[in-house]
Amino acid sequence: MSDRISNNPFMKWMEESLMPVLARIAQNVYLQSIRDAFSSFALPVILTGALFLIIANPPEGINWAPIHAWAKAVKPIAAQIMIPFQLTFGIMAMMVAFGTAYSLAARWDLDETMTGIIALLAFFITSFPATDVTKVTFGDVLNYLGGQGLFVAIIIGILSAIVVRFFNRKGLVIKMPEGVPPYVVRSFLALIPMFVMVVSAWLVEWFVWSRFHITLPQLVLDLFKPLVTASNTYPAALAEIILMMLLWSLGIHGMNVVSSIAYPFWMTQLAANAEAASRGLPLPGIVTEPFFHVFTHLGGSGTTWPLTIMFLLSASMQLRTIGRAELIPAIFNINEPIIFGAPIVLNPILIIPFILAPAAVVTINYFAFALNLVPRPLIQLPFTVPVFISGFISSGGHWQGALLQLVDLIVAAIIYYPFFRMYEAQLLKNEREVEK
């Protein structure tokens, strides 16, 4: 590997200058905690709500009698079916606030549950107008507890953990004598940090409401709106996928690094899609979390499913062995065996298609969604859901989602093939020399 780096100035620059910076970003506890909050706390809530969204909105574009019967049966009770969806997606930001604080507390050896509860309370207060809350309709604030409040939820989750850590380190907590039950001790230890966060959230919300007559989540969303809009463009999607693949080419988990920064933007777009779908409106978001995990990382990062098949059928014993090892993981979109076994990492031949194939797939996908040739991503799924099934479900139960994945795989196979043959020839030559 060192020879490959030293012979390539670009790779050498990435290894020595760029990689240390991006590695520090990937290891940042705040970004890791945000990612954990989405994957461990918000995702189960989103998946549960999404099931009810599908039930209430069957894919009527499929000309099949059972689908039409399903649509006819649910139409009179669609509003009631949508209640779990509205209330699960409607608390997405609350789960992120709790999860971010919880994950940070776990890393800092604090009381995870109490820290999460503090963040939950503080965020809840900022989401209500500073007026007589008995006259506030819950539906009016539901959006801010969900997708529109994500940025404030993340900020409050981080601040809550920082405040709890500060008071614990300084000993500014109420300590109980020995013999007091542990659950009572926990409550009193959290009392002062909770009071500080709740009062701070209340004062900030009061100031924002009196000055702008909007809630804090709405104010922050308005400030971030240009970034959210920019994140939903083709240049943003292309830049993100290229950065992911460059990082993977150096052995760094590219999706983790990029998603640590981009996840709130992706999820804001996804929440907007879910909200639009519930109202029967066109979906606005294209560059969402499923845009990458469902429609780009087919077989794993780099769209390596076709490469796995090529390896499996290769004349090279080394590649066939890697193909066998990768086959089952590839079904569940896990491709570390091929990334590090081929290897793709620091491999001048395979890095090229490893970047080009996902870039081409992102291009196809973006314009397929932008031109409404394929229904836009609506449902976030675990990344381990197999190809075709994931495309069908994520697009709201439309066959076009699975067809798009098939087109992506064919294009990726065309891009990978000449580089695969080049690398195969090199390995076959080496294997023959070893035999002699």
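Small disclaimer: the values here were computed from a predicted structure and weren't measured. For every chain, the first residue of the written sequence is number 1, and numbering continues from 1 along that sequence. Local features are withheld for residues below a pLDDT of 70 in this predicted model, meaning they are given only at 70 or higher, and side-chain atom pairs are given and counted only at 80 or more; totals for whole chains, interfaces and linings count all residues. To obtain the side-chain values, all non-hydrogen atoms of the structure were included, while hydrogens and water were left out.

1. So, the overall build of the protein
Turning to step 1, where the next piece is worked out: The helix and strand tally for the protein stands at 20 helices and zero strands.
Turning to step 2, where the next piece is worked out: For a compact globule the rule gives 2.2 Å times the number of residues to the power 0.38, and the radius of gyration it is set against comes from C-alpha atoms. On C-alpha atoms alone, the protein measures out to a radius of gyration of 25 Å, which is about the 22 Å that the 2.2 N^0.38 rule sets for 436 residues.
Turning to step 3, where the next piece is worked out: On the principal axes, the C-alpha backbone points of the protein span a range of 80 × 60 × 45 Å.
Turning to step 4, where the next piece is worked out: Working definition: with a 1.4 Å probe on protein chains only, accessible area under 20% of the residue-type maximum means buried, over 50% means exposed, and in between means partly exposed. Within the protein, the proportion of its 436 residues that are buried is 51%. Helix and strand definitions follow DSSP, with helices as H or I runs of at least four residues and strands as E runs of at least two, each counted in order from the N terminus.

2. Let's talk about the packing of aromatic side chains
Turning to step 1, where the next piece is worked out: Stacked, tilted and edge-to-face pairs are distinguished by plane angle, under 30 degrees for stacked and over 60 for edge-to-face with tilted covering the rest, among Phe, Tyr and Trp rings (Trp via its six-membered ring) whose centres lie within 6.5 Å. Per the stated rule, a full pass over the model turns up 22 aromatic pairs.
Turning to step 2, where the next piece is worked out: Seen from their ring centres, Phe311 and Phe420 are 6.0 Å apart, and the 35 degrees between their planes marks the pair as tilted. Here the residue Phe311 occupies a position in helix H15 (residues 305–312), and Phe420 occupies one in helix H20 (residues 399–435), the gap between them amounting to 109 residues. Summarising the burial analysis for this pair, Phe311 and Phe420 share the class buried.

3. Side note on the domain arrangement of the protein
Where interface size is given, it is often the accessible area lost as the parts come together that is meant.
Turning to step 1, where the next piece is worked out: By convention here, the domain bounds are inherited from an automatic or database domain assignment. The domains assigned to the protein are domain 1 (31–223) and domain 2 (279–435).
Turning to step 2, where the next piece is worked out: Computed from C-alpha atoms alone, the centre-to-centre distance between domain 1 and domain 2 is 35 Å.
Turning to step 3, where the next piece is worked out: By definition, residues are in contact when any of their heavy atoms lie within 4.5 Å. With eight residues of domain 1 at the contact, the number on the domain 2 side is eleven residues.
Turning to step 4, where the next piece is worked out: Salt-bridge detection follows one rule: a side-chain nitrogen of Lys or Arg within 4 Å of a carboxyl oxygen of Asp or Glu. Where domain 1 meets domain 2, there are zero salt bridges.
Turning to step 5, where the next piece is worked out: Identification of polar contacts relies on pairs of N or O atoms within 3.5 Å, with a donor-acceptor requirement for protein atoms, meaning one able to donate a hydrogen and the other able to accept it, and with residues adjacent in sequence counted only if both atoms are side-chain atoms. At the boundary of domain 1 with domain 2, the tally comes to zero residue pairs in polar contact (both at pLDDT 80 or more).

4. Re a nonpolar patch on the surface
Turning to step 1, where the next piece is worked out: Taken together, the side chains of Phe388, Phe392, Trp399, Leu403, Leu406, Val407, Ile410 and Ile414 define a hydrophobic patch exposed on the protein surface, amounting to about 730 Å² of accessible area.
Turning to step 2, where the next piece is worked out: For the nonpolar patch, the leading source of residues is H20, giving six residues.
Turning to step 3, where the next piece is worked out: Considering the arrangement of structural elements, one finds Leu403 in helix H20.
Turning to step 4, where the next piece is worked out: Owing to a relative accessible area of 41%, Leu403 belongs among the partly exposed residues under this scheme. Exposure above 30% relative accessible area and the absence of a salt bridge qualify a residue for a patch, where like charges join within 9 Å and nonpolar side chains (Val, Leu, Ile, Met, Phe, Trp, Tyr) within 5 Å. All accessibility values rest on the Shrake-Rupley procedure with a 1.4 Å probe; residue burial counts only the protein chains present in the view.

5. Focus: the packing of helix H16 (residues 317–331) against H20
Turning to step 1, where the next piece is worked out: Following both chains from N to C, one finds H16 and H20 inclined at 120 degrees, their axes separated by 8 Å at the closest point. Here H16 lies oblique to H20, going by the angle between them. Across the interface between the two elements, Met317, Gln318 and Leu319 of H16 pack against Phe420, Tyr423, Glu424, Leu427 and Glu431 of H20.
Turning to step 2, where the next piece is worked out: For the contact of H16 with H20, the residue count by class is five nonpolar, one polar and two charged. Axes here refer to lines fitted to C-alpha atoms; in helices the fit is confined to the stretch in contact. Angles between the N-to-C directions go from 0 to 180 degrees. Each angle receives one of four descriptions, namely roughly parallel if under 35 degrees, roughly antiparallel if over 145, roughly perpendicular if within 65 to 115, and oblique otherwise. For this classification, Asp, Glu, Lys and Arg are treated as charged, while Ala, Val, Leu, Ile, Met, Phe, Trp, Tyr, Cys and Pro are nonpolar and the rest, including Gly, are polar.

6. Digging into the UniProt feature "transmembrane region" (unreviewed entry) in the protein
Turning to step 1, where the next piece is worked out: As recorded in UniProt, the sites labelled "transmembrane region" (unreviewed entry) are residues 37–57, 77–101, 113–130, 150–167, 188–209, 351–371 and 402–420.
Turning to step 2, where the next piece is worked out: Between the end C-alpha atoms of residues 77–101 the distance is 38 Å, and the span holds 88% helix and 0% strand. UniProt positions are given in the numbering used here, feature names are shortened, and annotations may be inferred rather than shown by experiment.

7. Let's talk about the pattern of salt bridges
Turning to step 1, where the next piece is worked out: This structure, assessed with the given rule, holds four salt bridges.
Turning to step 2, where the next piece is worked out: Across the pair Arg421 and Glu424 runs a salt bridge, and its minimum N-O distance is 3.1 Å. Linking Arg421 with Glu424, this pair stays in helix H20, spanning three residues, or about one helical turn.
Turning to step 3, where the next piece is worked out: A residue is classified by how much of its surface remains accessible, and Arg421, at 41% relative accessible area, is partly exposed.

8. As for helix H12 (residues 234–249)
Turning to step 1, where the next piece is worked out: Between its terminal C-alpha atoms H12 stretches 22 Å, which fits the 22 Å expected from 16 residues at 1.5 Å a residue.
Turning to step 2, where the next piece is worked out: All buried positions along H12 are accounted for by Ala236, Ala237, Glu240, Ile241, Met244, Met245, Leu246, Leu247, Trp248 and Ser249.
Turning to step 3, where the next piece is worked out: Count one or two residues on from H12 and you reach Gly251, which has phi positive near 90 degrees. To estimate the expected span of a helix, count its residues, drop one, and scale the result by 1.5 Å.

9. A closer look at the environment of Pro377
Turning to step 1, where the next piece is worked out: Turning to its location among the elements, Pro377 is positioned in the loop between helix H18 (348–370) and helix H19 (389–394).
Turning to step 2, where the next piece is worked out: Linking Pro377 and Phe207, residues 170 residues apart in sequence, is a C-alpha distance of 38 Å.
Turning to step 3, where the next piece is worked out: Once residues lying within four places of it in the same chain are set aside, the contact partners of Pro377 are Leu270, Asn273, Leu283, Gly285, Ile286, Thr288, Pro290, Phe291, Phe295, Phe369 and Ser394.

10. Digging into the nonpolar core
Turning to step 1, where the next piece is worked out: In these notes, a set of buried Ala, Val, Leu, Ile, Met, Phe, Trp, Tyr and Cys residues joined through side-chain atoms within 4.5 Å is what counts as a nonpolar core. Core analysis: the largest hydrophobic core is formed by 116 residues, its most contacted members being Phe38, Phe123, Trp266, Phe291, Phe292 and Phe311.
Turning to step 2, where the next piece is worked out: Broken down by element, this core gets its largest block of residues, twelve residues, from helix H13 (residues 254–278).
Turning to step 3, where the next piece is worked out: A domain split of this core shows at least three residues from each of domain 1 (31–223) and domain 2 (279–435).
Turning to step 4, where the next piece is worked out: One finds Trp305, Ala330, Val387 and Leu409 within the second-largest nonpolar core, a separate group that totals five residues.

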